Amino acid sequence: MNRTTTTPSPERSTGAPRSGGRRRRTPRGALVAVTCVAALAVAGCSDGAAPEADAADTVVTVVTVDATDTVEATEVADTAAPTTVAPTTLPPTTLPPTTLPTTTVAPTTLPPTTVAPTTTLPAVLETREIGRSVQDRPITAVRRGTPGGRVVLVVGVIHGNEDDGVAIIDLLERVDVPAGVDLWLVESMNPDGQLAQDRHNANQVDLNRNFPADWGPIGVPGDGQYAGPSAASEPETQAMVAFVEELRPDLVIWYHQDLFRIHPGRGRDGAIRQRYAELTGLPLVAITGGTYTGVAATWVRRTIDPGVSFIVELGPTLSAEEADAHARAVLTVATEPN
């Protein structure tokens, strides 16, 4: 057995006495190399805690043991100040690149999506302000259909408290207009009376007695059929007279209520009235009981020859189904030969 011992440095300062070592028995048959370096702050080679030592002690014991020997080693540890150990830099490890097998994904083909076409309202060709009311509200005409076709004019309101015709005008502004019909729609020629739910305009004039056809003075302001101070004295009447004279329609329909009837006519005019009555279920019954001078429909017939102009008396109420029947009747009589 060879034994190599490194003794303490002669420059060790005097300090506290060094603690005694511990004895450790290594089992026979083992080959043990024990290196204890106090500078690296390794506290002995045992499983237990290191004994205290002088701050300057450095003891290195190297023991080479034959396989059959039993060795007793003295282990001395230092309690020197902590020593900073330089960080260990490991060489970079380069991993070989991993090559994955190429995966081919079949393209996904989505079935074509069919989107229902968006429903759009048929075009309005023109919106025109044809005049103003006594209280300066606009009187508006909407044009649809085929320019140059048969000119048809429909007026929804003339008496302000008889305005169910607005529902028919509303439908006619949205449905398809047959080819060959130049359709003009006036929702109301009496917006002031309609707002007030009054038969008259704001001057208390019955506009259906104010047109210049057989006009005559009727009543005084406040009377139901007051005809105004003179023929076409009202701005609403003047606006409609100028518009009809410019437009020269072949067919004009005026909505009133609530007698639920159409007055019979003669000739071509009478035939169209009868056809309209059949389509809507209204009876052909004479309208009586009033003084009928200065009436709008009469003025049109006398002004536009051979124009057709008549009044449709709706009932006290108008259902959605009835409004639809009237709108269809307008388009039917506008397209049928007559």
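Not measured: the values here are computed from a predicted model.

Helices and strands together make up the secondary structure of the protein chain, namely six helices and nine strands. By residue count, 37% of the 338 residues in the protein chain fall in the buried class. Taking the intrachain contacts of the protein chain between residues at least 6 apart in sequence as the baseline, contacts between residues at least 24 apart amount to 73%. Split by element, the accessible area of the protein chain, about 19,200 Å² in all, is 54% carbon and sulfur.

This paragraph deals with the side chain of serine 309. Here serine 309 is to be found in strand S9 (residues 308-314). Every residue in contact with serine 309, bar those within four places of it in the chain, is listed here: Val252, Trp254, Asp269, Arg273, Ala297, Val300 and Arg301.

For any two helices packed against each other, the geometry comes down to the angle between their axes and how far apart the axes lie. The N-to-C vectors of helix H3 (residues 235-247) and helix H5 (residues 296-303) enclose an angle of 30°; their axes lie 11 Å apart at closest approach. Classified by the interaxial angle, the pair formed by H3 and H5 is roughly parallel. As for how H3 packs across H5, the hand of that crossing is right-handed. Residues Val241, Val244 and Glu245 of H3 form the contact with H5, whose own contacting residues are Trp299, Val300 and Thr303. Of the residues assigned to the contact of H3 with H5, the class counts are four nonpolar, one polar and one charged.

By secondary structure assignment, the location of histidine 200 is in the loop between helix H2 (191-196) and H3. For histidine 200, a relative accessible area of 7% gives the class buried. Within the local environment of histidine 200, its side chain forms a polar contact with the backbone oxygen of glycine 224, the two atoms lying 3.1 Å apart. Contacts of histidine 200, omitting those with residues within four sequence positions, involve Asn190, Gly193, Val205, Asp206, Asp223 and Gly224.

Moving on to helix H4 (residues 267-280). Under the 1.5 Å per step criterion, the end-to-end length of H4 is 20 Å for 14 residues, consistent within 8% with the ideal 20 Å. Every buried residue belonging to H4 is among Asp269, Gly270, Ile272, Arg273, Tyr276, Ala277 and Thr280, and all of these are buried. Here the buried residues of H4 occupy an arc of 165° about the axis, which is enough to place them on one side. For H4, the exposed residues set more than 90 degrees away from the buried face come down to Gly267 and Glu278. Buried residues in H4 make contact with strand S5 (150-155), strand S7 (251-257), strand S8 (261-262), H5, S9 and helix H6 (320-335). Positive phi appears at glycine 281, one or two residues downstream of H4, with a value of about 85°.

Let us now look at the nonpolar core. Most often, soluble globular proteins keep nonpolar side chains buried together rather than apart. Core analysis: the largest hydrophobic core is formed by 29 residues, its most contacted members being Val154, Leu172, Leu183, Tyr255, Tyr276, Phe310 and Val312. Here the element with the most residues in this core is H6; it accounts for seven residues. With 28 residues, the next largest nonpolar core counts Ile139, Leu207, Ala239 and Trp299 among its residues.

In this section: the environment of leucine 171. Considering the arrangement of structural elements, one finds leucine 171 in helix H1 (residues 165-172). As a C-alpha pair, leucine 171 and aspartate 324 span 153 residues in sequence and 7.1 Å in three-dimensional space.

Within a sheet, adjacent strands bond to each other through the backbone by hydrogen bonds, running parallel or antiparallel. Pairing is mixed across the open sheet formed by seven strands, whose spatial order is S3-S4-S6-S5-S7-S9-S8. Every other strand in the sheet has two partners, leaving strand S3 (126-132) and S8 as the edge strands with one partner each. Where strand S4 (residues 138-145) meets strand S6 (residues 181-186), five bridges bridge the pair, whose relative direction is antiparallel. Residue pairing for S6: glycine 145 is matched across the bridge by aspartate 182.

What counts, and at which threshold
Residues numbered from 1 in each chain as written. Predicted model: local features only at pLDDT ≥ 70, side-chain atom pairs only at ≥ 80, totals over all residues. Heavy atoms only, no water. Helix = DSSP H or I, 4+ residues; strand = E, 2+ residues; numbered from the N terminus. Buried < 20%, exposed > 50% of the residue type's maximum accessible area, 1.4 Å probe, protein only. Contact = heavy atoms within 4.5 Å. Areas by Shrake-Rupley, 256 points an atom, 1.4 Å probe, with all protein chains shown as cover. Axes fitted to C-alpha atoms, helices over the stretch in contact; angles between N-to-C directions. Parallel < 35°, antiparallel > 145°, perpendicular 65-115°, else oblique. Left-handed = near helix turned anticlockwise from the far one by under 90°. Nonpolar A, V, L, I, M, F, W, Y, C, P; charged D, E, K, R; others polar. Polar contact = N/O pair within 3.5 Å; in protein donor to acceptor, adjacent residues only side chain to side chain. Expected span 1.5 Å × (residues − 1). Arc of directions from axis to C-beta. Core = buried A, V, L, I, M, F, W, Y, C linked by side-chain atoms within 4.5 Å. Pairing = 2+ DSSP bridges.

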